[in-house]
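# Coordinates in review
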Amino acid sequence: MFPLPDIRKKIIYLDQFFLSHAFRDQERSFIDAANRIKDMAARQLVVCPYSSVHTDETHLWRHEQQENLYKFIKQTARGYKFREAYEIKLEQMHRLFDAFRSNSEIIQPIEERDAFRDEIHGWDDYIWIDLRPYLGDLEAMRQGKAAAIEGLVNLFPDWAKLTTSFEEDVSMEARGYGISLLNQYLQMVANVGTGNLMSYMDAPMDTMYVESLLHCDRTTMKIDERLRRISAFFSSHYFTSIPNIKVSCGIFAVLRKMVKNGAYTNPINARRKLAGLFYDSECISVFGPYSDAIFIDRAMKQWCENPESMLLEPYDTKIFSVGNWDEFHRYLDSVEDNYTDDVREAIN
């Protein structure tokens with residue numbers, strides 16, 4: 001037996017933009033970076049888990065190489081995967097809801113166990129068991145994605161008239177999301193009340209958040225009291241302090257600011273340029289806070305580093321894109337410096 005030393009890997013989130021370019025195997029900068037990351041992952045220095053966003057985006061891609069891309073993504077991740085986005089959101093929401101109920105500290109630490117089912121910093125090999133994910137109705141997902149972008153762009157004329165501050169825009173986004181959560185849950189309950197039991201199975205995932213919070217104190221509080229408490233929570237600073245809410249609302253507040261400054265005046269171009277916005281927002285807001293570094297496209301990096309937002313700064317997450325390849329490789333150099341003799345000996 002050989003005792004393996006304790007290790008702590010750097011968690012790097014590679015978004016679909018990076019992985020798609022690396023998969024095409026055409027651009028030297030992506031090829032070199034991907035090969036370096038694979039080598040460092042094999043030496044237990046980094047780990048690049050894939051996520052539900054990778055799964056969804058890959059299978060919405062209409063291309064004969066779809067399955068090969070998905071295989072490439074999972075091989076790059078060496079089988080490591082983030083928990084489903086809704087599971088991470090639910091863990092974060094319950095933590096802040098508990099703080100709201102007890103009127104305790106509003107700033108809650110990021111808990112790595114919320115994001116991963118298995119130990120992410122353990123020694124691994126290159127063999128794992130793979131199961132095909134349940135993908136759902138892909139055509140319905142495509143239509144929903146297009147409808148969401150259409151609805152967003154339709155808001156721009158009203159946004160352009162706003163004189164609100166950045167902080168006010170963040171609060172408006174959070175408040176709107178809280179109202180949406182409650183309305184979707186109440187609509188589902190109303191549908192079930194008319195005898196349409198399938199409406200419970202077909203309800204949006206967002207209805208689960210309200211239903212889960214309703215279980216708290218169910219033996220000591222009436223349901224109308226619990227609903228009022230949830231409504232108060234959604235209007236509080238506790239709700240806007242939930243990491244994924246704080247970051248995602250910051251992203252859309254940056255978009256509001258751009259629209260107010262004259263951007264995206266052409267609806268057709270806006271729909272094209274923002275086609276992947278909701279997936280970008282999800283990967284950055286849900287998985288970014290649990291990552292030591294994240295590689296995203298150039299535009300989203302600029303949004304995240306907007307002086308008024310600095311969205312991932314509270315989580316000390318480094319942000320990279322094609323605009324700063326040198327910085328990315330210097331970051332990997334710093335990780336290489338942690339390749340200690342005991343780890344090197346264990347690898348050998």
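Reading the values: rules and limits
Residues numbered from 1 in each chain as written. Predicted model: local features only at pLDDT ≥ 70, side-chain atom pairs only at ≥ 80, totals over all residues. Heavy atoms only, no water. Axes fitted to C-alpha atoms, helices over the stretch in contact; angles between N-to-C directions. Helix = DSSP H or I, 4+ residues; strand = E, 2+ residues; numbered from the N terminus. Parallel < 35°, antiparallel > 145°, perpendicular 65-115°, else oblique. Left-handed = near helix turned anticlockwise from the far one by under 90°. Contact = heavy atoms within 4.5 Å. Nonpolar A, V, L, I, M, F, W, Y, C, P; charged D, E, K, R; others polar. Pairing = 2+ DSSP bridges. Buried < 20%, exposed > 50% of the residue type's maximum accessible area, 1.4 Å probe, protein only. Polar contact = N/O pair within 3.5 Å; in protein donor to acceptor, adjacent residues only side chain to side chain. Phe/Tyr/Trp six-rings, centres within 6.5 Å; stacked < 30°, edge-to-face > 60°. Lys NZ or Arg CZ within 6 Å of the ring centre and 35° of its normal. Expected span 1.5 Å × (residues − 1). Arc of directions from axis to C-beta. Disulfide = S-S within 2.5 Å.

### Quick word on the packing of helix 10 (residues 207–214) against helix 11 (residues 223–234)
In contact at an axis separation of 10 Å, helix 10 and helix 11 are set at 125 degrees when each is read in the N-to-C sense. In terms of their interaxial angle, helix 10 and helix 11 are classed as oblique. Note that helix 10 runs across helix 11; the crossing there is right-handed. For the pair helix 10 and helix 11, the contacting residues are Val 210, Leu 213 and Leu 214 in the first and Ile 223, Arg 226, Leu 227, Ile 230, Phe 233 and Phe 234 in the second. Among the residues making up the contact of helix 10 with helix 11, the classes are represented as 8 nonpolar, no polar and 1 charged.

### Let's talk about the sheet that holds strand 2 (residues 46–47)
Here we have 4 strands laid out as an open sheet, ordered 2-1-3-4, and parallel in their pairing. Here the strands that pair on one side only, and so sit at the sheet edges, are strand 2 and strand 4 (318–320). Bridge count for strand 3 (residues 293–295) against strand 4 is 3 bridges, and the pairing is parallel. Counted as the bridge partner of Phe 295 is Phe 320 from strand 4.

### Comments concerning the side chain of Ser 291
Looking at the secondary structure, you find Ser 291 in the loop between helix 15 (277–287) and strand 3. Among the residues examined, Ser 291 registers a relative accessible area of 3% and is labelled buried. A polar atom in the side chain of Ser 291 sits 2.9 Å from the backbone oxygen of Phe 287. Setting aside anything within four residues of it in sequence, one finds Ser 291 in contact with Ile 11, Tyr 13, Phe 82 and Thr 317.

### Some points on the packing of aromatic side chains
All chains considered together, the criterion is met by 27 aromatic pairs. Between Tyr 50 and Tyr 70, the aromatic rings sit 6.2 Å apart at their centres with planes inclined by 90 degrees, giving edge-to-face as the arrangement. Linking Tyr 50 in the loop between strand 2 and helix 3 (52–60) with Tyr 70 in helix 4 (residues 66–76), this pair joins segments that are 20 residues apart in sequence. Of the two residues, Tyr 50 and Tyr 70, both sit in the buried class. Pairwise contacts between aromatic rings join Phe 17, Phe 18, Phe 30, Phe 295, Phe 320, Trp 325, Phe 328 and Tyr 331 into one cluster. The cationic tip of Arg 43 hangs over the ring face of Tyr 339; the distance from NZ or CZ to the ring centre is 4.7 Å.

### Regarding helix 17 (residues 325–336)
The end-to-end C-alpha separation of helix 17 is 16 Å, in line with the 16 Å expected for 12 residues at 1.5 Å each. When we look at burial in helix 17, the residues that qualify are Trp 325, Phe 328, Tyr 331, Leu 332 and Val 335. Angular distribution of buried residues about the axis of helix 17 spans 120 degrees; they occupy a single face of the element. What points out from helix 17, more than 90 degrees from its buried face, is the exposed set Asp 326 and Arg 330. Lining the buried residues of helix 17 we find strand 1 (10–14), helix 1 (16–24), helix 2 (28–42), strand 2, strand 3 and strand 4.

### Considerations on the state of the cysteines
Here the structure, examined in full by the defined rule, presents 0 disulfides. With no disulfide partner, Cys 48 has as its closest neighbouring cysteine sulfur the one in Cys 283, 14 Å distant.

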